[in-house]
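# Examining the three-dimensional arrangement
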Amino acid sequence: MPPMKKSKKGKRKSKESGKLKVAKSRGAPPPLPPELRGLDTEWWYAFLHKHAESGHGAPSDEGEAFRYFFRTSRRTFDYICSIVREDLISRPPSGLINIEGRLLSVEKQVAIAMRRLASGDSQVSVGAAFGVGQSTVSQVTWRFIESMEERARHHLVWPDQERIEEVKATLEAVYGLPNCCGAVDATHIIMTLPAVESSEDWCDPAKNYSMFLQGIVDDEMRFIDIVTGWPGSMTFSRLLKCSGFYKLCEAGKRLNGPVKVSAENAEIREFIAADSCYPLLPWIMTPYEGKNLSGPMLNFNARQNAARMLGTKALARLKGSWRILHKVMWRPDKNKLPSIILVCCLLHNILIDCKDELLSSVQLPENHDTGYCKENCEQVDPNGKLMREIITAHLQSSEASN
C-alpha cells in the first residue's frame with residue numbers, strides 16, 4: 001500500500017538561503033544581534049513563571065531551561081523564527097489571540113509549536129502552559145509545520161560530492177571503512193487509530209499501529225535522506241525498495257562517486273552501512289551472519305557495526321528530542337503525519353547545523369524501537385557479497401601493513 005498523499009497548496013519560493021552558523025553556548029542566552037533585537041520575549045518569562053508555579057522541575061539556569069523546553073538555544077530559536085516569520089505574519093488565521101486578547105507574536109507561535117513537538121504533550125496541556133486554547137495550539141502547530149516543510153528544506157538534502165568526500169574521509173579515519181558515505185536505519189512512529197481506520201495494513205509485527213520512518217545519516221548524524229508515510233507492517237527491506245533513494249542507487253544516480261582502489265587493486269564503490277534487516281547489495285554493506293566467523297570477518301563486523309550505529313543513534317536522538325514521535329500519537333491524520341515527521345527531522349538537522357548541544361536529560365537510549373524483534377533479511381546480491389569480501393580483505397591488508 002503506498003503512503004497517503006496530501007493535497008498540495010501553491011508553493012512560494014523560499015526567501016531563506018544558507019545556514020546560520022551558531023557557536024555553542026551555555027548559561028544565559030547571549031545578547032541578541034541588532035537584526036534580532038526587539039523580538040517578543042515576554043512570552044518566555046510568562047511561560048517560565050507558569051511552569052514554576054506548577055511545581056514541575058526544570059534546569060535553574062535560564063539558558064539550559066530554554067533548551068530543556070524547546071531543545072534549542074535562544075539564538076537557534078530566533079533563527080527558526082526567521083524561517084517562518086513571513087508565513088506566520090502574512091497568513092494569520094482568525095482567533096490566534098491569548099487570554100489577554102492580544103494577537104500572538106511570531107515568537108510565541110513558534111514556541112507553542114516547538115513545545116508541542118518537543119514534549120509530545122496534549123494540545124490541552126501545551127495550551128494551558130501558554131494561556132491559549134486547544135484549537136489555537138492545533139492551528140499554530142500546523143501552520144508552523146507547513147511553513148517549515150516549504151522553507152527549511154535546504155537543511156535536509158543529499159550532499160554534493162565535495163561534502164560526500166568529507167564524510168567518506170571522516171568515516172574512514174574513525175572506522176577504517178573505505179568509501180563509506182553514511183548509515184541507514186528505520187523506526188516505527190506508533191499511533192492509535194479509530195476503529196474505522198484500524199486495518200491490518202498499519203498493524204506492525206509488535207501489534208502496534210505505526211508509520212515507518214527510514215533515515216540515512218552522515219558522519220555527524222545529520223539526516224541526508226528520509227522516507228516516511230509507509231505502514232509499519234512492512235519489512236525494513238521492503239521499505240527500502242519503496243524509497244526514491246533505492247531507485248536512484250539502482251539506476252546508478254546515487255552513491256555513484258569515485259571508486260577507491262583496495263590494497264589488492266580491486267575497486268570499492270561508495271556504500272552505506274546497514275543492519276542485517278537490510279539486503280546485502282553492492283551499495284549497502286551488512287554484517288556477516290552465522291557462527292565460526294574468521295578473524296577478518298569479525299574485524300569487518302566490528303567496524304561496520306560502529307559505523308551503522310550512526311543511524312540508530314540519530315533516530316534515538318530524533319525521538320528523544322521531539323517526543324511527539326516517541327509517544328503514542330492519538331489518532332493522527334495519516335495524511336499530515338509525514339509532514340510532522342519531516343519537520344522533526346528538519347529541526348534535528350538545524351540543531352546540528354547551528355552546532356547546538358542537546359541536554360543529556362532529553363536524549364533516549366540507543367534503542368529507539370523498544371518492543372520490536374530483530375528482522376533478518378536473507379537477500380544477498382552476488383555483487384554485494386563480492387564487495388564485502390573486497391572490503392574485508394582491504395581492512396586485513398591495511399592493518400597488516402601498519
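Conventions used here
- Residues numbered from 1 in each chain as written.
- Predicted model: local features only at pLDDT ≥ 70, side-chain atom pairs only at ≥ 80, totals over all residues.
- Heavy atoms only, no water.
- Core = buried A, V, L, I, M, F, W, Y, C linked by side-chain atoms within 4.5 Å.
- Buried < 20%, exposed > 50% of the residue type's maximum accessible area, 1.4 Å probe, protein only.
- Helix = DSSP H or I, 4+ residues; strand = E, 2+ residues; numbered from the N terminus.
- Contact = heavy atoms within 4.5 Å.
- Polar contact = N/O pair within 3.5 Å; in protein donor to acceptor, adjacent residues only side chain to side chain.
- Phe/Tyr/Trp six-rings, centres within 6.5 Å; stacked < 30°, edge-to-face > 60°.
- Lys NZ or Arg CZ within 6 Å of the ring centre and 35° of its normal.
- Axes fitted to C-alpha atoms, helices over the stretch in contact; angles between N-to-C directions.
- Parallel < 35°, antiparallel > 145°, perpendicular 65-115°, else oblique.
- Nonpolar A, V, L, I, M, F, W, Y, C, P; charged D, E, K, R; others polar.
- Salt bridge = Lys/Arg side-chain N within 4 Å of Asp/Glu carboxyl O.
- Left-handed = near helix turned anticlockwise from the far one by under 90°.
- Expected span 1.5 Å × (residues − 1).
- Bend = angle between axes of the 7 residues up to and from the residue.
- Disulfide = S-S within 2.5 Å.

### Quick look at the nonpolar core
- One finds Phe70, Val110, Leu117, Phe144 and Met148 to be the most contacted residues of the largest nonpolar core, which totals 84 residues.
- Tallying contributions element by element places helix H11 (residues 337-353) first for this core, with 11 residues.
- Each residue touching valine 110, except ones within four places of it in the same chain, is listed here: Phe77, Ile80, Cys81, Val84, Leu88 and Phe144.
- Among the nonpolar cores identified, the runner-up in size contains 25 residues, and Ile216, Phe236, Leu240 and Cys277 belong to it.

### What to know about the side chain of aspartate 225
- With respect to the helices and strands, the residue aspartate 225 is situated in strand E3 (residues 223-231).
- In this structure aspartate 225 comes out as buried when scored by relative accessible area, which is 13%.
- Separated by 3.4 Å, the side chains of aspartate 225 and arginine 254 make a polar contact.
- In contact with aspartate 225, other than residues within four places in its own chain, are Leu156, Trp158, Gln214, Gly215, Ile216, Phe245 and Arg254.

### Structural notes on the packing of aromatic side chains
- Evaluated as defined, the whole model comprises 23 aromatic pairs.
- Where tryptophan 43 meets phenylalanine 77, the ring centres are 5.5 Å apart and the plane angle is 40 degrees; that geometry is what we call tilted. A residue pair is termed long-range when its members are at least 10 positions apart, and tryptophan 43 in helix H1 (residues 42-54) and phenylalanine 77 in helix H3 (residues 74-90) qualify at 34 residues.
- Members of the aromatic cluster, connected to one another through ring pairs, are Trp43, Trp44, Phe47, Phe66, Tyr68, Phe69, Phe70, Phe77 and Phe130.
- For lysine 336, the ring lying beneath its charged end belongs to tryptophan 142, and the centroid distance is 4.6 Å.

### So, the packing of helix H10 (residues 295-321) against helix H12 (residues 382-401)
- At a minimum axis separation of 9 Å, H10 and H12 run at an interaxial angle of 100 degrees. With respect to H12, the axis of H10 lies roughly perpendicular. Counted together, Pro296, Met297, Asn299, Phe300 and Arg303 of H10 and Arg388, Ile391, Thr392, Leu395, Gln396 and Glu399 of H12 form the full contact between these two elements.
- When the residues that make up the contact of H10 with H12 are grouped by side-chain class, the tally is 5 nonpolar, 3 polar and 3 charged.

### Overview of the pattern of salt bridges
- Per the counting criterion, the structure on display carries 20 salt bridges.
- Here lysine 168 ties to glutamate 165 by a salt bridge, and the two come within 3.0 Å at their closest N and O atoms. Note that lysine 168 and glutamate 165 are positioned in helix H7 (residues 161-175) at a spacing of 3 residues, about one turn of the helix.
- A residue is classified by how much of its surface remains accessible, and lysine 168, at 5% relative accessible area, is buried.

### Points about the packing of H3 against helix H4 (residues 106-119)
- Interaxial distance between H3 and H4 falls to 9 Å at its minimum, and their mutual angle equals 110 degrees. One element, H3, and the other, H4, form an angle in the roughly perpendicular class. Handedness of the H3/H4 crossing: right-handed. On the side of H3, the interface is formed by Phe77, Ile80, Cys81, Val84, Arg85, Leu88 and Ile89, while H4 contributes Val106, Glu107, Gln109, Val110, Ala111 and Met114.
- For the contact of H3 with H4, the per-class residue count stands at 10 nonpolar, 1 polar and 2 charged.

### Digging into H10
- Its 27 residues give H10 an end-to-end C-alpha distance of 39 Å, which sits within 8% of 39 Å, the value for a rise of 1.5 Å per residue.
- Remark: the principal bend of H10, roughly 25 degrees, maps to arginine 308.

### Section: the state of the cysteines
- The tally for this structure, following the rule as stated, stands at 0 disulfides.
- Left unpaired, cysteine 181 is separated from the closest cysteine sulfur, that of cysteine 180, by 6.7 Å.
- Owing to a relative accessible area of 0%, cysteine 181 belongs among the buried residues under this scheme.

### Looking at unusual backbone geometry
- Positive phi outside glycine occurs at asparagine 179, with the angle close to 70 degrees.
- Looking at the element boundaries, asparagine 179 is found in the loop between H7 and strand E1 (180-192).
- Despite not being glycine, lysine 355 has its phi angle at roughly 60 degrees, a positive value.
- By secondary structure assignment, the location of lysine 355 is in the loop between H11 and H12.
- Exposure remark for lysine 355: the relative accessible area of 46% places this residue in the partly exposed category.

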